[in-house]
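Breakdown of the fold
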Amino acid sequence: MKYLFLLYLYLVTFLFSQSSLEVGMPAPEWEFPDADGNMFTMDNWAGKIMGVSYVDPDESEMNEEFSDRVKKAIDVDSLIARDSFKGIGIADCASSWKPDFLIRAIGGRKAKKYETTVLFDFDAILRKSWDLNEDSYNIVILDKSRIVRGLYKEKMSESEMDEALQLIISLQ
């Protein structure tokens, strides 16, 4: 009986430990709509490095400086090739008090500013499955094989922004 209990405890611990996204592990797949209802998965950007910004719309400015740095590295400095990298935004709609139509409007402005795709997670599916922070601006950097190479769950420091930008550059 003692061994069964220990086995049960080990299995429960193992299963719960696997639900948290960590650097070095494959990112579990997802599927979310854009503002027009078109569905997207990571396969839409197969063969590209991905920067996934999973954002509570109430915190949409928290790590915007990092997004601005990535945009500059693409458009001005030519340090990141647009054909090898795709940054996307996913709005954590369940974290916000804002109505969906306003979240879509905010997402539309960000999509235009960063020339990207913004998707909508209405039920916090990704936050829960990847164990991301609520009420935050999470950034996940994935290599071309969808292995997590960078994970930032709060406001990024200057050194974290530099580190993450260099990581994207080195993954090309």
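Residues numbered from 1 in each chain as written. Predicted model: local features only at pLDDT ≥ 70, side-chain atom pairs only at ≥ 80, totals over all residues. Heavy atoms only, no water.

On to the environment of valine 70. Within the element layout of this structure, valine 70 appears in helix α2 (residues 64-75). With relative accessibility at 9%, the residue valine 70 sits in the buried group. A C-alpha to C-alpha distance of 9.7 Å links valine 70 and isoleucine 169, two positions 99 residues apart in sequence. (Helix = DSSP H or I, 4+ residues; strand = E, 2+ residues; numbered from the N terminus. Buried < 20%, exposed > 50% of the residue type's maximum accessible area, 1.4 Å probe, protein only.)

Here we come to the sheet that holds strand β4 (residues 85-92). Taking strand neighbours across the sheet as the criterion, the five strands line up as β5-β4-β3-β6-β7 in an open arrangement whose pairing is mixed. The open sheet has two edge strands, β5 (117-121) and β7 (148-152), and neither has a second partner. Strand-to-strand twist across the sheet, computed as the mean angle between neighbouring axes with direction ignored, equals 20°. Bridge analysis of strand β6 (residues 137-142) against β7 gives four bridges, and the strand direction is antiparallel. Residue pairing in the sheet places isoleucine 139 in a bridge with tyrosine 152 of β7. (Pairing = 2+ DSSP bridges. Axes fitted to C-alpha atoms, helices over the stretch in contact; angles between N-to-C directions.)

Turning next to the packing of aromatic side chains. Under the criterion given, the structure shown has three aromatic pairs. When the ring of phenylalanine 40 is compared with that of tryptophan 45, the centres are 5.5 Å apart and the planes differ by 5°; the resulting orientation is stacked. Like tryptophan 45, phenylalanine 40 is buried. An angle of 20° between the planes, with centres 6.1 Å apart, marks the rings of phenylalanine 120 and phenylalanine 122 as stacked. Residue class for phenylalanine 120 comes out buried when judged on its relative accessible area of 1%. (Phe/Tyr/Trp six-rings, centres within 6.5 Å; stacked < 30°, edge-to-face > 60°.)

Residue placement: glutamine 166 occurs in helix α5 (residues 158-171). Note on glutamine 166: relative accessible area 48%, which makes it partly exposed.

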